[in-house]
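In case you want the letters, here they are:
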Amino acid sequence: MDNIVDIDNMTFSRSGRVIYNDISLKVPKGKITAVMGPSGIGKTTLLRLIGGQLAPDAGDIRFAGESIVSMNRSTLYKTRRRMSMLFQSGALFTDMTVHQNVAFPLKEHTRLDSDIIDTIVALKLQAVGLRGAANLMPSELSGGMARRAALARAIALDPDLIMYDEPFAGQDPISMGVLVKLIRQLNDALGVTSIVVTHDVTEVLTIADYVYIMADKKIIGEGTAEQIRNSESPLVQQFLQGEADGPVPFHYPADKLENALFGEKT
Amino acid sequence: MNPIQSLGAGAISQVASIGRAGVMLFGAIFAIPRLKNVPLTLQQMFVVGVQSLLIIVVSGLFIGMVMALQGYTILVDYGAEGSLGPMVALSLLRELGPVVTALLFAGRAGSALTAEIGLMKATEQLSSLEMMAVDPLRRVVAPRFWAGFISMPMLALIFSSVGILGGHLVGVDWLGVDAGSYWSLMQSSVEFGSDIGNGIIKSLVFALVVTWIAIFRGYDCTPTSEGISKATTQTVVYSSLAVLGLDFILTALMFGIE
Amino acid sequence: MNKYKAELMVGVFVLLTIGALLLLALKVANQTMATQSDTYTLYAKFDNIGGLKERSAVKVGGVTIGRVNSISLDKKDYTPVVELSILNKYKEFPETSSVSILTSGLLGEQYVGFQPGFSFDGIANLQDGDYLQDTKSALVLEDLIGQFLFSRGKDEE
């Protein structure tokens with residue numbers, strides 16, 4: 001099976017702090033790959049690394065067989081047209097209507113007539129169920145609608161790869177259900193590859209074809225949804241069950257409380 | 001860290017930020033050839049230039065009026081109130097026009113530019129542009145830079161003209177200075193090249209610096225609410241200091257030595 | 001619609017700027033559209049030009065007929081040479097005309113006073129590039145005061 005993204009022995013650190021230590025990861029074409037892990041381990045950073053916005057310290061990242069790391073600027077920009085990213089906040093342009101937002105990548109990268117662009121935009125908005133909201137401003141949308149509008153923009157150019165950054169964070173159950181359904185549908189209908197970065201275990205396990213779990217700068221578990229559920233690793237189980245204490249400790253590393261309160265300062 | 005270390009670290013980070021500012025400006029300036037950017041620049045000229053018109057016109061009018069009033073009370077003691085025209089015109093064209101416009105511009109438009117770009121960064125709009133294979137330097141920064149660079153000298157010219165008319169209003173219409181001597185003495189002492197021309201050169205320099213600072217502070221800010229508010233303050237403070245400092249240097253170069 | 005409004009307002013902004021520039025150029029700096037061909041050049045040598053500057057006025061009986069174009073020092077005898085640009089419409093001055101450097105008012109600026117000479121037979125009119133022979137230098141206040149004190153001293157003896 002072809003992989004659209006390959007990450008080989010990649011190490012990345014930011015301002016002296018190691019974020020990833022020698023990780024390898026594969027994203028097979030046409031599948032939904034989920035990357036899960038506790039908050040604050042830099043899952044978003046992973047997507048930025050794949051998008052070439054950040055460069056790793058060591059190792060290689062390949063998109064469709066070509067190394068992102070060693071690309072020059074113009075090739076990188078060309079490659080980025082084949083991928084798109086759904087940001088956590090949606091990142092809609094606040095000075096444009098929903099319609100203009102979705103039309104934006106088309107206007108920037110194609111020379112289509114505005115009639116054709118309007119048609120494409122209407123179709124994309126129809127796909128996410130927001131055709132009726134085309135003339136609203138982003139500030140008039142609810143969080144879930146904003147994310148769907150951003151999704152319509154992300155698929156405007158029919159990319160090969162869509163990266164979802166925490167698509168379910170802060171959503172009510174209904175919007176969450178809508179987004180889960182959309183991700184699955186778009187993946188199957190458009191034949192794109194999806195990477196979903198999230199910490200919402202239950203939702204993502206229902207749609208993901210392959211799952212990576214990251215913690216402590218490393219990948220601690222991988223496999224299909226079924227394999228992950230049955231994993232014997234205590235770390236993976238803690239994450240899936242949402243236990244407060246376990247291999248990922250409840251306490252931030254500190255002195256013993258007794259020492260801190262009663263002990264002499266050493 | 002001991003004080004000397006932190007001083008050094010501060011200096012190094014300042015130099016690095018000047019470097020980043022230069023790289024950013026370079027990236028923005030070399031975005032001229034894109035015709036798609038012209039409507040965007042026009043749109044920004046509306047935001048940056050047209051929306052600053054009111055404050056510029058009102059300030060110019062009042063500064064001209066105040067100068068006429070102050071100048072008159074001093075000049076009338078020497079029976080030289082006819083020289084009110086040259087006094088108002090020369091101080092506006094050489095100094096106050098470019099400088100006050102630049103200061104007002106930094107407060108009105110510069111801070112808004114910083115906040116806007118900073119918020120675009122904080123809400124990941126810049127990142128998402130980049131992921132859409134659209135260079136934010138070209139799409140966002142360049143139009144704003146050119147709009148500011150073009151608008152400010154225009155505003156300075158309007159400021160000076162309105163100020164001279166304001167001086168006329170107070171000096172001639174109210175205090176009774178002879179209209180003929182107001183204009184004719186002005187005409188004999190103001191030179192197009194050295195006074196108006198140098199004023200325009202000054203405001204071009206200020207426009208470059210103020211717009212550059214405003215855009216860079218926004219582009220380089222920490223994308224948090226605290227970071228944006230800090231960047232906005234820095235824009236106004238740094239721009240004002242840069243304008244006043246540069247004004248001295250430019251004045252010395254232009255008018256200081258015959 | 002919104003875009004159109006922005007373009008319209010920017011257009012107004014540009015027009016306002018052009019208006020301001022015209023006001024400054026024509027009304028404030030009195031930049032006439034005159035080209036070089038509208039003037040002709042005369043030269044005058046003075047012993048002392050006092051505070052005369054480039055672009056100072058050249059006047060006949062208070063009427064401005066031209067401006068000082070440049071001031072330089074003669075290379076041979078080190079006296080100031082003043083180049084005057086006179087408007088073409090004031091052309092027929094005889095060669096006997098004289099120039100002097102005068103001051104407008106007590107503290108005013110200095111200008112070139114042009115005194116047209118009498119014209120009679122055998123006297124040609126001034127041509128482009130001619131030198132004016134009869135010149136009177138600027139009055140220097142310090143010299144005047146010095147002379148005054150000196151003559152007072154003499155009187156008292």
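How each quantity is defined
Residues numbered from 1 in each chain as written. Chains lettered and ligands numbered in written order. Predicted model: local features only at pLDDT ≥ 70, side-chain atom pairs only at ≥ 80, totals over all residues. Heavy atoms only, no water. Helix = DSSP H or I, 4+ residues; strand = E, 2+ residues; numbered from the N terminus. Buried < 20%, exposed > 50% of the residue type's maximum accessible area, 1.4 Å probe, protein only. Contact = heavy atoms within 4.5 Å. Areas by Shrake-Rupley, 256 points an atom, 1.4 Å probe, with all protein chains shown as cover. Lys, Arg positive; Asp, Glu negative; His and termini not counted. Charge placed at Lys NZ, Arg CZ, Asp CG, Glu CD. Pairing = 2+ DSSP bridges. Axes fitted to C-alpha atoms, helices over the stretch in contact; angles between N-to-C directions. Buried area = accessible area lost by both parts, 1.4 Å probe. Salt bridge = Lys/Arg side-chain N within 4 Å of Asp/Glu carboxyl O. Core = buried A, V, L, I, M, F, W, Y, C linked by side-chain atoms within 4.5 Å. pLDDT = per-residue confidence, 0-100. Patch = residues over 30% accessible without salt bridge, like charges linked within 9 Å, V, L, I, M, F, W, Y side chains within 5 Å. 1 Å grid on protein atoms, 1.4 Å probe; cavity = no way out; pocket = protein on both sides within 12 Å on 5 of 7 lines; lining within 4 Å. Points joined across faces, edges and corners; volume = space filled by probe spheres on them. Nonpolar A, V, L, I, M, F, W, Y, C, P; charged D, E, K, R; others polar.

### Here we look at the overall build of chain B
Helix and strand counts for chain B stand at nine helices and zero strands. Counting helices and strands in the order they occur from the N terminus, chain B gives α-α-α-α-α-α-α-α-α. Expressed as lengths along the three principal axes of its C-alpha atoms, the size of chain B is roughly 65 × 50 × 35 Å. Buried residues in chain B amount to 50% of all 258 residues. Contacts in chain B between residues at least 24 apart in sequence constitute 84% of all its contacts with a sequence separation of at least 6. If you sum the accessible surface of chain B, you get close to 11100 Å²; carbon and sulfur atoms cover 72% of it. The centroid of the 12 positive side-chain charges in chain B is displaced by 18 Å from the centroid of its 15 negative side-chain charges.

### Some words on the sheet that holds strand β6 (residues 83–86) of chain A
Residues and elements named next belong to chain A. Taking strand neighbours across the sheet as the criterion, the six strands line up as β6-β7-β8-β3-β9-β10 in an open arrangement whose pairing is mixed. Pairing within the sheet leaves two strands with one partner each, and these edge strands are β6 and β10 (218–223). With strand direction ignored, the average angle separating the axes of adjacent strands in the sheet is 15°. The sheet contact formed by strand β3 (residues 32–36) and strand β8 (residues 193–198) spans five bridges and is parallel. Residue pairing across strands places Met 36 opposite Thr 198, the latter belonging to β8.

### Structural notes on the interface of chain B and chain A
Contacts between the two partners involve 16 residues from chain B and, on the opposite side, 25 residues from chain A. Interface area, chain B with chain A, both sides summed: about 1800 Å², of which 52% is carbon and sulfur. When the buried surface of chain B facing chain A is broken down by residue, Glu124(B), Met131(B) and Met132(B) rank first, second and third, together holding 36% of it. Counting every contact that joins chain B to chain A gives four salt bridges.

### A short note on the environment of Thr222(B)
Residues and elements named next belong to chain B. You can see Thr 222 is positioned in the loop between α8 (192–219) and α9 (225–256). Considering only alpha carbons, one finds Thr 222 and Gly 118, 104 residues apart in sequence, at a separation of 7.9 Å. Those residues in contact with Thr 222 that lie beyond four places of it in its chain are Gly 227 and Ile 228.

### Observations concerning the nonpolar core
Counting residues in each nonpolar core, the largest one holds 74 residues, and the members touching the most others are Ile164(B), Met186(B), Val190(B), Phe13(C) and Val28(C). With 16 residues, the single largest contributor to this core is helix α6 (residues 136–174) of chain B. Ala134(A), Leu179(A), Val180(A) and Leu240(A) belong to the second-largest nonpolar core, a separate cluster that totals 47 residues.

### A few points about the confidence of the model for chain A
Averaged over all residues, the pLDDT of chain A is 82; the fraction at 70 or higher stands at 97%. Put simply, helix α9 (residues 234–241) of chain A is where chain A has its lowest mean pLDDT, 77, and strand β7 (residues 161–165) of chain A is where it has its highest, 88.

### Considering α9(A)
Within an α-helix, residues lying three or four positions from one another point in the same direction, as the helix has 3.6 residues per turn. All names here are of chain A. Buried within α9 we find Val 236, Gln 238, Phe 239 and Leu 240. Each element contacted by the buried residues of α9 is listed here: β3, α7 (201–207), β9 (210–215), β10 and α8 (225–229). Gly 242 sits one or two residues past α9 and shows a positive phi near 70°.

### Observations concerning a positive patch on the surface
A cluster of basic side chains, namely Arg14(A), Arg17(A), Lys217(A) and Lys218(A), defines a positive patch on the protein surface. The topology assignment puts Arg17(A) in strand β2 (residues 17–28).

### Describing the environment of Tyr238(B)
Residues and elements named next belong to chain B. Tracing the sequence through the fold places Tyr 238 in helix α9. For the pair Tyr 238 and Val 209, spaced 29 residues apart in sequence, the C-alpha separation works out to 9.7 Å. With residues near it in sequence (within four places) discarded, Tyr 238 still touches Gln 14, Ile 213 and Arg 217.

### Some words on the interface of chain C and chain B
Chain C puts 23 residues into the contact, and the matching count from chain B is 27 residues. Carbon and sulfur atoms make up 78% of the surface buried where chain C meets chain B, a total of about 2400 Å² over both sides. Together, Phe13(C), Leu24(C) and Val28(C) form the three largest contributors to the area buried by chain C at its contact with chain B, with a combined 27%. Where chain C meets chain B, there are zero salt bridges.

### Comments concerning the side chain of Asp165(A)
Considering the arrangement of structural elements, one finds Asp165(A) in strand β7. At 6.1 Å, Arg48(A) is the nearest oppositely charged side chain to Asp165(A), a buried residue that forms no salt bridge. Setting aside residues up to four positions removed in sequence, Asp165(A) forms contacts with Thr44(A), Leu47(A), Met85(A), Leu86(A), Phe87(A), Gln88(A), Val197(A) and Glu124(B).

### Notes on empty space enclosed by the protein
All names here are of chain A. Using the criterion set out here, one finds three cavities of 30 Å³ or more in the structure. Its boundaries defined by the atoms lining it, the largest cavity holds a volume of some 80 Å³. Around the largest cavity, the lining comprises 13 residues; the ones closest to its centre are Arg 81, Met 83, Ser 84, Ala 154 and Leu 157. Residues belonging to the lining of the largest cavity are distributed by class as follows: eight nonpolar, two polar and three charged.

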